[in-house]
Amino acid sequence: MTKLRNIYHYISIYTSPPFPSHPQTITQNMAFTKISLVLLLCLLGLYSETVKSQNCGCAPNLCCSQFGYCGTDDAYCGAGCRSGPCRGSGTPTGGSVGSIVTQGFFNNIINQAGNGCAGKRFYTRDSFVNAANTFPNFANSVTRREIATMFAHFTHETGHFCYIEEINGASRNYCQSSNTQYPCAPGKGYFGRGPIQLSWNYNYGACGQSLGLDLLRQPELVGSNPTVAFRTGLWFWMNSVRPVLNQGFGATIRAINGMECNGGNSGAVNARIGYYRDYCGQLGVDPGPNLSC
């Protein structure tokens, strides 16, 4: 606002006529005043657009930089680009989640599941995109490498989207009775469900609270609604996995199932890495360093 006051002062100095001494001069003074007001309104509009651009209200063909400005060169579309036609190292890496997770990319994964798989009639590309769009911080900033990471884990956890629920999960106890914040509901099971295999009452409780769903009393929602299933996966991703993305793929394995690391299950680790390399290749991005854990 200080800048606006200075601008208005400048306009006043250079558009105000001499002190009026007769009617003709008064008329001229009024005309100058109108011109001043028009110029000020134009500057206010420019100021408003600048503020908007700083908050990333960019046009579809512009990138929003890591500092919140709109533009088209590498300073805007390169490293740290938040949204728009982002790119990095000469390779497109950003953009809307729907433009990265195409139907073809999704089909290449789920088509490897057997025809008898329940998940093949449950998970869809559209349900993922719809779920992702309920997490604007994810949908507006996701990169191709992050999608490769995410879907590598989805693939491993669900067997190429074959499984909706953990195998023999209902026979296992995932109730931490000492957790009084999210107490287990009688007769409910908190075994793995969905693309990330959400487990334990404290995760169902915290996730449901965040999504506005009562997953403590209705954990089966995760296994009966594909959009809810993907939303639970995205909730876990945003809270536990995305914070370690910059440490490499190995750190994301540890965040999802640390028991596999340090020789705990090298076969599972290698399978995840294999999927990740495959999807990076499909999406045209470098896998980066630190792949194992």
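Residues numbered from 1 in each chain as written. Predicted model: local features only at pLDDT ≥ 70, side-chain atom pairs only at ≥ 80, totals over all residues. Heavy atoms only, no water.

Asker: Can you help me understand the layout of surface pockets in this one?
Answerer: Space left empty within the atom packing is revealed by a probe, the size of a water molecule, rolled over the atoms. Space inside the second largest pocket adds up to approximately 510 Å³. If you go around the second largest pocket, you meet 20 residues; those closest to its centre are Glu157, Gln197, Ser199, Ile256 and Asn257. Those elements that provide at least two residues to the lining of the second largest pocket are helix H8 (144-158), helix H9 (201-211), helix H11 (249-257) and helix H12 (266-283). For the lining of the second largest pocket, the element with the most residues is H11, which contributes three residues. (1 Å grid on protein atoms, 1.4 Å probe; cavity = no way out; pocket = protein on both sides within 12 Å on 5 of 7 lines; lining within 4 Å. Points joined across faces, edges and corners; volume = space filled by probe spheres on them. Helix = DSSP H or I, 4+ residues; strand = E, 2+ residues; numbered from the N terminus.)

Asker: It is not clear to me how the packing of aromatic side chains should be interpreted in this structure. Could you clarify?
Answerer: Remark: the centre distance and the inter-plane angle together describe each pair of aromatic rings, the angle taken between the planes. Under the defined criterion, the tally for this structure stands at 19 aromatic pairs. Between Tyr123 and Phe161 the ring centres are 5.1 Å apart and the planes differ by 50°, which places this aromatic pair in the tilted class. Note that Tyr123 is positioned in the loop between helix H5 (103-110) and helix H6 (125-132) and Phe161 in the loop between H8 and H9, a separation of 38 residues in sequence. Residue Tyr123 is classed as buried on the basis of its relative accessible area of 2%. Residue class for Phe161 comes out buried when judged on its relative accessible area of 0%. Relative to Trp200, the ring of Tyr174 lies with its centre 5.2 Å away and its plane at 80°, an arrangement referred to as edge-to-face. In this pair, Tyr174 is assigned in the loop between H8 and H9 and Trp200 in the loop between H8 and H9, connecting sequence segments 26 residues apart. By relative accessible area, Tyr174 is classed as buried at 16%. A network of ring pairs unites the aromatic residues Phe105, Phe106, Phe122, Tyr123, Phe128, Phe151, Phe154, Phe161, Phe230 and Tyr279 as a single cluster. The ring centre of Phe191 lies 3.9 Å from the NZ or CZ of Arg193, which sits over that ring. (Phe/Tyr/Trp six-rings, centres within 6.5 Å; stacked < 30°, edge-to-face > 60°. Buried < 20%, exposed > 50% of the residue type's maximum accessible area, 1.4 Å probe, protein only. Lys NZ or Arg CZ within 6 Å of the ring centre and 35° of its normal.)

Asker: I would appreciate a short explanation of unusual backbone geometry in the present structure.
Answerer: Only a minority of non-glycine residues have a phi that is not negative, and only a minority of peptide bonds are not trans. Here Phe161, not a glycine, exhibits a phi torsion of approximately 65°, which is positive. A positive phi angle, close to 60°, is found at Asn168, a residue other than glycine. Along the chain, the position of Asn168 falls in the loop between H8 and H9.

Asker: What am I meant to see in the environment of Val97 here?
Answerer: Relative to the helices and strands, Val97 is located in helix H4 (residues 97-100). Residues Val97 and Asn140, 43 residues apart in the sequence, show an inter-C-alpha distance of 7.4 Å. With sequence-adjacent residues up to four places away left out, Val97 is seen in contact with Phe128, Val129, Ala132, Asn133, Phe138, Ala139, Val142 and Ile147. (Contact = heavy atoms within 4.5 Å.)

Asker: Is there a simple way to explain the state of the cysteines in this structure?
Answerer: Joining two cysteines, a disulfide is a covalent bond between their sulfur atoms. In the structure shown here, the tally under the stated rule is three disulfides. A disulfide bridge connects Cys117 with Cys162, and the sulfur atoms are separated by 2.1 Å. Looking down the S-S bond of the Cys117 and Cys162 bridge, the torsion is -85°, so its handedness is left-handed. Residue Cys117 is located in the loop between H5 and H6, and its partner Cys162 is located in the loop between H8 and H9; the two are separated by 45 residues in the primary sequence. Cys117 sits in the buried class, given a relative accessible area of 10%. Linked covalently through their sulfurs, Cys175 and Cys184 form a disulfide whose S-S length is 2.0 Å. Across the S-S bond linking Cys175 and Cys184, the dihedral sits near 115°, which makes this disulfide right-handed. (Disulfide = S-S within 2.5 Å.)

Asker: I tried to follow the environment of Thr252 on my own but got confused; where do I start?
Answerer: In this fold, Thr252 is placed in helix H11. Residue contacts for Thr252: discarding those within four places in its chain leaves Thr149, His153, Val241, Val244 and Leu245. Within the local environment of Thr252, its side chain forms a polar contact with the backbone oxygen of Phe249, the two atoms lying 2.6 Å apart. (Polar contact = N/O pair within 3.5 Å; in protein donor to acceptor, adjacent residues only side chain to side chain.)

Asker: Just to check I follow, could you spell out the packing of H9 against helix H10 (residues 226-241) for this structure?
Answerer: Angle between the axes and distance between the axes are the two parameters that describe a pair of packed helices. Here H9 crosses H10 at 105°, and the two axes come no closer than 10 Å. It follows that H9 is roughly perpendicular to H10 by the angle criterion. Facing Asn203, Ala206, Cys207, Ser210 and Leu211 of H9, the residues of H10 in contact are Arg231, Thr232 and Trp235. A class-by-class count of the residues in the contact of H9 with H10 yields four nonpolar, three polar and one charged. (Axes fitted to C-alpha atoms, helices over the stretch in contact; angles between N-to-C directions. Parallel < 35°, antiparallel > 145°, perpendicular 65-115°, else oblique. Nonpolar A, V, L, I, M, F, W, Y, C, P; charged D, E, K, R; others polar.)

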